[in-house]
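Architecture and fold: a report
Below, each chain spelled out in residue letters.
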Amino acid sequence: MHQGMGLEAYNALPTRRAVHAVYECCYSVVLATDLAGGRPFADHNSLFRQADALLFSLGEDSIDRALQAYPHIGRRPRSPKSVCEQCSVWDDDPTVMTQLNTEVQHYTQRFGFGFVMFVEDCCAQRALAGITDRLHNDRETERKVVRNELARINRARLERMLGPEGGYYNW
């Protein structure tokens, strides 16, 4: 994934490369193409606001296609062994992971699409709590929650792609 390129460099990329950089963040060709076509952006917030607006304007079919590319919660190959400081549970606890995988299956059966959640600094136990809470939603409410989660994920990935607002100091 592109990381820390800076807004100025992103604004200067040829269209095809700019689309590719954003596609790596959001998995939507439509969103990536429209965002790249909206350049140049004056600042990070302008780009983030436009990305959100484009995401929320996408049709349900486009959201479903993007969801297919997101990693499945509960399947975390090669993730480091760690303990969550907030809930003191090992992230690879087999009981928690079995429960999480079971709830992900229930979620998929109930809603017809995969579970997505912004999980930065989140552990399996908190993901399990999130999916358990969201299983109470009706389909329409859950579709709105999914878009919000995708917006949070896209923002974090776009921030990584751009790097800090002032750019990195190159000595």
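As a starting point, this report considers the structure included with it. (Residues numbered from 1 in each chain as written. Predicted model: local features only at pLDDT ≥ 70, side-chain atom pairs only at ≥ 80, totals over all residues. Heavy atoms only, no water.)

Some remarks on the packing of helix H3 (residues 29-37) against helix H4 (residues 44-57)
Our working rule: Every angle, taken between N-to-C directions, lies between 0 and 180 degrees, and every axis is a line fitted to C-alpha atoms, over only the stretch in contact when it is a helix. Helical segments are the DSSP runs of H or I of at least four residues, strand segments are the runs of E of at least two, and each set is numbered from the N terminus. By definition, any crossing whose near helix is turned counterclockwise from its far helix by less than a right angle is left-handed, and any crossing with a clockwise turn is right-handed. Should any heavy atoms of two residues lie within 4.5 Å, those residues are counted as being in contact. Residue polarity is assigned by list, with Asp, Glu, Lys and Arg as charged and Ala, Val, Leu, Ile, Met, Phe, Trp, Tyr, Cys and Pro as nonpolar; anything else, Gly included, falls into the polar class.
Axis separation between H3 and H4 bottoms out at 10 Å; the angle between their running directions is 140°. The chirality of how H3 crosses H4 is right-handed. Residue-level inspection shows Leu31, Asp34 and Leu35 of H3 in contact with H4, the latter providing Leu47, Gln50, Ala51, Leu54 and Leu55. Classifying every residue of the contact of H3 with H4 by side-chain character gives six nonpolar, one polar and one charged.

Some points on unusual backbone geometry
Between Arg39 and the following residue, Pro40, the backbone shows a cis peptide bond with an omega angle of 5°. Here Pro40 is to be found in the loop between H3 and H4. Residues other than glycine seldom take positive phi values, yet Tyr27 does so here, at roughly 60°.

What about the pattern of salt bridges?
Where we set the bar: Note on definitions: salt bridges are taken to be side-chain nitrogens of Lys or Arg within 4 Å of carboxyl oxygens of Asp or Glu. Each residue is assigned to one of three classes by its accessible area relative to the maximum for its type, calculated with a 1.4 Å probe on protein chains only: buried under 20%, partly exposed between the two thresholds, exposed over 50%.
What the rule picks out here adds up to seven salt bridges. Here Arg143 makes a salt bridge to Asp64, at a shortest N to O gap of 2.7 Å. Pair noted here: Arg143 is in helix H8 (residues 139-162) and Asp64 is in helix H5 (residues 60-67), with a separation of 79 residues, a long-range link. Using a relative accessible area of 9% as the deciding quantity, one classes Arg143 as buried. By relative accessible area, which is 26% here, Asp64 ends up partly exposed. Among the charged side chains, a salt-bridge network with shared partners connects Glu60, Asp64, Arg143 and Arg147.

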